[in-house]
Each structure stands twice: as C-alpha cells, then as structure tokens.
Amino acid sequence: RRYEEITAEERAAKVEKQLGAERPVTAVMVAARGVTPTLRFAVEQARSARAVLFVLFVREQFTTIPVPVVEEEDEEAQAVFQAARAIATGVEVTTIYAVSDDPAWTILDNAAIAGVDMLILGHSRRMALTRVLRGDMMTQIGQHLPEEIRLVIVRSEEHTSELQSRQYLVCRLL
C-alpha cells in the first residue's frame, strides 16, 4: 500500500517495530555545522522531551602536522553555540567543540561519552568525489552507533539518505 493509505495506528506500529518500544529521551545530541533547520529541529526535540541538548561542533582538520585550534577563536563554532543558546530558551544546552580528522568517529565518541539517547544529524552535503574518497559519514555513523542511541537524520526534500541502517528515522524539513 502507498504511504498515504496507511492509517496513523498502522504507521505508529510500523515505527515502533523499526525502532523498538518507546524509550524516554533524557539527552539529545546534534552535530551542527551552522545555524540550520537541523539545529532548530534538535532544539525542539530536546524541548518537547525536556531533555538536555548537547551541541557538538567538529572542526575538520586534515593535516599530519598538529595545528592548534582554539574554540574561543573559532568564529563559526562560536556563532553556532550562541545561536543554539538563543533559540533553546528553557532547554539546558551543553556545547562541545572538537578538532578532528575523522568527524564520524568524533561524533560517535562524543555521543557515547555524553550518554545521549538520540543523535541528530543533518544530511551530509559532501560532493560525490569526497564520498568516494573518504566514505559516507552517515553510513559510518549508522553502522557503528550503539543500538541504545536513536539516530535521526534531518534532510531537505531534494536530498536522499543512502543510509540502510537498523535504527534510523528520516525527518523531512521543507
């Protein structure tokens, strides 16, 4: 049957079957690269669940020579953190800054360390060549994320998710 023909009860049963029984959400993490619909969605999820929101900013750095990057000097990260605090009124926000040559593993590590129940990512907009050379970050995260952490991928209508993981939910934002 087509999606439109499924009743709300059938849809809820299908989601529960895919994700398992509903578990309370006490901590949400969003990996943010800007003030995006994904960040806003994460704030609303944390607000509705009355959960702590962890905002993770990963500065990708590809070099064999360590170059110090200081959070306070990273204007892009500071803008994301300030915006998150501004739109997250009534939500406890914890910011995390990381410098890494492997953002997928950095996101996985921080999600596990923070003990989050839900990880929210925006759809990767990497160019096709970059995906071929380095792999798809969404797939890597989906394959290695602990089962107790729900993965939510937020994407725009024009993008498609290639993730074929055991536990994910794609939310479309127009």
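Treat the numbers as computed from the prediction; the structure is a model and nothing was measured. Starting from 1, residues in each chain are numbered consecutively following that chain's sequence as written. Given that this is a predicted model, residues contribute local features only at a pLDDT of at least 70 and side-chain atom pairs are listed and counted only at 80 or more, while totals for whole chains, interfaces and linings are drawn from all residues. Side-chain numbers here rest on the full set of heavy atoms in the structure, without hydrogens or water.

Quick look at the overall build of the protein
- Counting from the N terminus, the helices are DSSP H or I runs at least four residues long and the strands are E runs at least two residues long. The helix and strand tally for the protein stands at six helices and six strands.
- Secondary structure of the protein in N-to-C order comes out as α-β-α-β-α-β-α-β-α-α-β-β.
- By definition in these notes, contact holds between two residues if any of their heavy atoms fall within 4.5 Å. Contacts in the protein between residues at least 24 apart in sequence constitute 68% of all its contacts with a sequence separation of at least 6.
- Only the protein chains shown count as cover for residues, and all accessible areas are computed by the Shrake-Rupley method using a 1.4 Å probe. Counting every atom, the protein has about 10,300 Å² of accessible surface; 53% of that belongs to carbon and sulfur.

As for the environment of arginine 85
- Tracing the chain through its elements places arginine 85 in helix α3 (residues 75-87).
- Each C-alpha atom, one on arginine 85 and one on valine 55, is 9.5 Å from the other, the two residues being 30 residues apart in sequence.
- For arginine 85, the contacting residues outside a window of four places in its chain are Val93 and Thr95.

Here's the deal with the packing of helix α2 (residues 37-49) against α3
- The axes used here are C-alpha line fits, helices contributing only the stretch in contact, and every angle between their N-to-C directions lies in the interval 0 to 180 degrees. One can describe the packing of α2 onto α3 by two numbers: an axis separation of 10 Å at closest approach and a directional angle of 40 degrees. By the angle between their axes, α2 is oblique relative to α3. The chirality of how α2 crosses α3 is right-handed. Seen from α2, the contacting residues are Leu39, Arg40, Val43 and Arg47; seen from α3, they are Val80, Ala84 and Ile87. These descriptions rest on fixed angle ranges, namely under 35 degrees for roughly parallel, over 145 for roughly antiparallel, 65 to 115 for roughly perpendicular, and the rest for oblique. Each crossing gets its hand from how the near helix is turned against the far one by less than a right angle, where anticlockwise is left-handed and clockwise is right-handed.

Some thoughts on α3
- Take the number of residues in a helix, subtract one, and multiply by 1.5 Å to get its expected span. Taking 1.5 Å of rise per residue, the 13 residues of α3 would be expected to cover 18 Å, and the 18 Å separating its terminal C-alpha atoms lies within 8% of that figure.
- Among the residues making up α3, those that are buried are Ala77, Val80, Phe81, Ala83 and Ala84. The buried residues of α3 occupy an angular sector of 165 degrees when the element is viewed end-on, so they sit on one face. Exposed residues lying more than 90 degrees from the buried face of α3 are Glu75, Gln82 and Ala86.
- For α3, the side-chain oxygen to backbone nitrogen distance between the N-cap and glutamate 76 is 3.3 Å, and the N-cap itself is aspartate 74. Exposure categories follow from relative accessible area, calculated using a 1.4 Å probe and restricted to protein chains: below 20% of the type maximum is buried, above 50% is exposed, and the middle band is partly exposed. What the arc describes is the spread of directions from the helix axis to the C-beta atoms. Definition of a polar contact: a pair of N or O atoms within 3.5 Å, with one able to donate and the other able to accept a hydrogen when the atoms are protein atoms, and with sequence-neighbouring residues admitted only if both atoms are side-chain atoms.

Thoughts on the packing of helix α4 (residues 103-114) against helix α6 (residues 137-144)
- Remark: α4 packs on α6, axes separated minimally by 9 Å, with the N-to-C direction vectors making an angle of 35 degrees. Here the hand of the crossing between α4 and α6 comes out right-handed. Counting all contacts with α4, which are made through Pro103, Ala104, Trp105, Ile107 and Leu108, the residues of α6 involved are Met137, Gln140, Ile141 and His144.
- Each residue gets one of three labels, nonpolar for Ala, Val, Leu, Ile, Met, Phe, Trp, Tyr, Cys and Pro, charged for Asp, Glu, Lys and Arg, and polar for the others, Gly among them. Class assignment of the residues belonging to the contact of α4 with α6 gives a composition of seven nonpolar, two polar and no charged.

Looking at the pattern of salt bridges
- We count a salt bridge whenever a side-chain nitrogen from Lys or Arg sits within 4 Å of a carboxyl oxygen from Asp or Glu. Scanning the model with the defined rule gives three salt bridges in all.
- Here aspartate 74 ties to arginine 59 by a salt bridge, and the two come within 2.8 Å at their closest N and O atoms. One end of the pair, aspartate 74, is in the loop between β2 (52-60) and α3; the other, arginine 59, is in strand β2, with 15 residues separating them in the sequence. Residue aspartate 74 shares its accessibility class with arginine 59, and that shared class is buried.
- The salt bridge involving arginine 59 is made with glutamate 76; its shortest N-O contact spans 2.9 Å. Of this pair, arginine 59 sits in strand β2 while glutamate 76 sits in helix α3, placing them 17 residues apart in sequence.
- What emerges from the salt-bridge pattern is a single network uniting Arg59, Asp74 and Glu76.

What to know about the side chain of serine 100
- One can find serine 100 in strand β3 (residues 93-100).
- Since its relative accessible area comes to 10%, serine 100 is described here as buried.
- Of note is the side chain of serine 100, whose polar atom sits 2.6 Å from the side chain of threonine 106.
- Sequence-distant contacts of serine 100, defined by excluding residues within four places in its chain, comprise Val58, Arg59, Glu60, Gln61 and Thr106.

Any functional reading would require information that these geometric values do not contain.
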